[in-house]
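Residues per chain are reported as follows:
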Amino acid sequence: MKQSERNYKRIVIKIGSSLFYSGARELDFGVLNAVAEQSSQLLKDKKEAAIVSSGAIALGMHLLGFKERPRELCELQAAAAIGQNEVVNQYRNAFRGKGIHAAQVLLTREDLNNRKRYLNAKNTLLTLMRLHSLPIINENDTVSTDEIKFGDNDMLSALVAALINADLLIILSDIDGLLDNDKKVIPVVGEITPKIRSLACPTDKKTCVGGMVTKIEAAKICMDSGIPCVIANGRRKDIISSVIKEPEKHGTLFLSCKKLAARERWIAFGTKPKGRIFVDDGAKKALLDKKSLLSVGVTGIEGNFEPGDIVSVTDINGNEFARGKVSISAKHLDNVKGARHDREAVHRNNIVIL
């Protein structure tokens, strides 16, 4: 079955901040209202939907009269506190009369790092959808700090899609999709290659912030989680229903390449690694052969992790190729690295190859 023919039952829709403004940079909730209308139809069609919405800080800045994005964290958080209320009110008004409750859900990275809180968030979102409600999800910018921020709502949307085991993630922005060197939309991407990444960042990497870079990273998480992802233009008429019917014709479709189990998705993407373990080629080959990581294959460590923490596993070239839940602390592993030890550093059941 082609992915374009799948029955997408559970759908996550991400709306970028740029869609809250008109071409004249004036506030415009037309796209939000259109998304609400299309989302309502999804629920009428017995599907489930969740919306990851940007815009809180931008709207707060507008209401406060800020001309530029504040540099102070406290001012950003204040803008988010005011803007978030405005965002939710706009969604509430858009869904009024449609028999659908718009539910506000604010998440921080710590909510997903902690396994118990991760499962609680998952159960809340699934329950809301079961009750014919539509979760409006955003990062809790009023309390998030640089250490716990997701970094971008593109990333948050991918993590939410993996959290609830969605069938499709639609990232809506003011662009038609991923463009090739001739500025034409690439309809289908089957693998995130260096060439694909270069299209998101055609110049010096230091100049690249957000935009398509984070969208490709989000798509990579979805692909590795077994969830197709589409980047599309949110200003196009009936874009959501069009994408669901023919995803490769209305943006760029990133094909899912494997299906991780729920616990594997949490290890791989749900939690931020507490450190890194560097391994030699022999250990890398053993891990790729689905064996445990032993201390004899460890060449170095970075970070201060404890048993049960999630860590990144890196080869001798500095490339991360796996993540896992460690069995021993960083201090203990540093003492026994390169030598035989009676306990594996990471058991094979707690390793996910990326």
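Conventions used here
- Residues numbered from 1 in each chain as written.
- Predicted model: local features only at pLDDT ≥ 70, side-chain atom pairs only at ≥ 80, totals over all residues.
- Heavy atoms only, no water.
- Helix = DSSP H or I, 4+ residues; strand = E, 2+ residues; numbered from the N terminus.
- Buried < 20%, exposed > 50% of the residue type's maximum accessible area, 1.4 Å probe, protein only.
- Contact = heavy atoms within 4.5 Å.
- Areas by Shrake-Rupley, 256 points an atom, 1.4 Å probe, with all protein chains shown as cover.
- Lys, Arg positive; Asp, Glu negative; His and termini not counted.
- Charge placed at Lys NZ, Arg CZ, Asp CG, Glu CD.
- Disulfide = S-S within 2.5 Å.
- Pairing = 2+ DSSP bridges.
- Core = buried A, V, L, I, M, F, W, Y, C linked by side-chain atoms within 4.5 Å.
- Salt bridge = Lys/Arg side-chain N within 4 Å of Asp/Glu carboxyl O.
- pLDDT = per-residue confidence, 0-100.
- Axes fitted to C-alpha atoms, helices over the stretch in contact; angles between N-to-C directions.

1. Concerning the overall build of the protein
Within the protein, the regular secondary structure consists of 12 helices and 13 strands. Along the first, second and third principal axes, the C-alpha set of the protein runs to 65 × 50 × 45 Å. A total of 354 residues make up the protein; the buried ones form 51% of that total. Here the analysis covers contacts within the protein between residues at least 6 apart in sequence; of these, 73% occur between residues at least 24 apart. As displayed, the protein has an accessible area near 16,900 Å², and 48% of this comes from carbon and sulfur atoms. When the 53 positive and 42 negative side-chain charges of the protein are each reduced to one mean point, those points stand 5 Å apart.

2. Considerations on the state of the cysteines
Cysteine pairs can be linked by a disulfide, which is a covalent bond between their two sulfur atoms. On inspection of all chains with the given rule, the structure shows 0 disulfides. Cys229 forms no disulfide, and the closest cysteine sulfur to it belongs to Cys222, at a distance of 4.8 Å.

3. As for the pairing of strand β9 (residues 275-279)
Of all 5 residues that make up β9, 4 are buried, and the element is covered over most of its length. Pairing geometry for β9 and strand β10 (residues 298-303), over 5 bridges, is antiparallel. By the bridge assignment, Phe278 is partnered in β10 with Gly300. With 3 bridges joining them, β9 and strand β11 (residues 310-314) adopt parallel strand pairing. Its bridge partner being in β11, Arg276 is matched across the sheet by Ser312.

4. Points about the nonpolar core
Ranked by internal contacts, the top residues of the largest apolar core, which has 49 residues, are Val12, Ile137, Val160, Leu169, Leu178, Ile196 and Phe254. With near-sequence residues (within four places) excluded, Leu169 lies in contact with Val12, Ser157, Ala158, Ala161, Cys222, Ile227, Pro228, Cys229 and Val230. The next biggest cluster of nonpolar side chains, apart from the first, holds 35 residues, and it includes Ile13, Ala36, Ile239 and Val243.

5. Notes on the pattern of salt bridges
Within this structure, the stated rule accounts for 15 salt bridges. Taking the shortest distance from any N to any O, the salt bridge between Lys220 and Asp224 comes out at 2.5 Å. Of this pair, Lys220 and Asp224 both sit in helix α8 (residues 212-224), 4 residues apart, roughly one helical turn. By sharing partners, the salt bridges in this structure join Lys14, Asp154 and Lys215 into a single network.

6. Describing the pairing of strand β12 (residues 320-325)
Where β11 lies against β12, 5 bridges are found, and the strand directions are antiparallel. Each residue of the ladder has a partner; that of Val311, found in β12, is Gly324. Counted along the chain from β11 to the antiparallel partner β12, the turn is 5 residues long, and its residue Gly318 has a positive phi close to 85°. Pairing of β12 with strand β13 (residues 351-353), which is carried by 3 bridges, proceeds in the antiparallel orientation. Each bridged residue has a counterpart across the sheet, and for Gly324 the counterpart in β13 is Ile351.

7. Quick notes on the confidence of the model for the protein
Predicted confidence across the protein gives a mean pLDDT of 88, with 91% of residues reaching 70 or more. This model gives residues 203-209 a pLDDT under 50, and the stretch forms 2 contacts once residues within four places in sequence are excluded.

8. A few points about the sheet that holds β9
Strand pairing in a sheet relies on backbone hydrogen bonds. The paired strands run either parallel or antiparallel. Pairing is mixed across the open sheet formed by 5 strands, whose spatial order is β10-β9-β11-β12-β13. The strands lining the two open edges of the sheet, one partner per strand, are β10 and β13. The sheet shows a mean angle of 25° between the axes of neighbouring strands, direction not considered.

9. Considerations on the environment of Val12
In this structure, Val12 sits in strand β1 (residues 10-15). It is 16 Å that separates the C-alpha atoms of Val12 and Ala34, two residues lying 22 residues apart in sequence. In this structure Val12 touches Ala50, Val52, Ser157, Val160, Ala161, Ile164, Ala166, Leu168, Leu169 and Ile170, once residues within four positions along its chain are discounted.

10. Remarks on the sheet that holds strand β7 (residues 229-233)
A sheet is described by the order of its strands in space; here 8 strands give the open sequence β3-β4-β2-β1-β5-β7-β8-β6, paired in mixed fashion. With partners counted over all chains shown, the strands left at the sheet margins are β3 (101-107) and β6 (188-189), one partner each. Pairing analysis gives 2 bridges linking β6 to strand β8 (residues 252-254), with the strands arranged parallel. Along β8, the bridge assignment pairs Val188 with Leu253. Contacts from helix α3 (residues 73-95) reach β1, β2 (48-53), β3 and β4 (133-139) within the one sheet, and its direction differs from that of β3 by about 155°.

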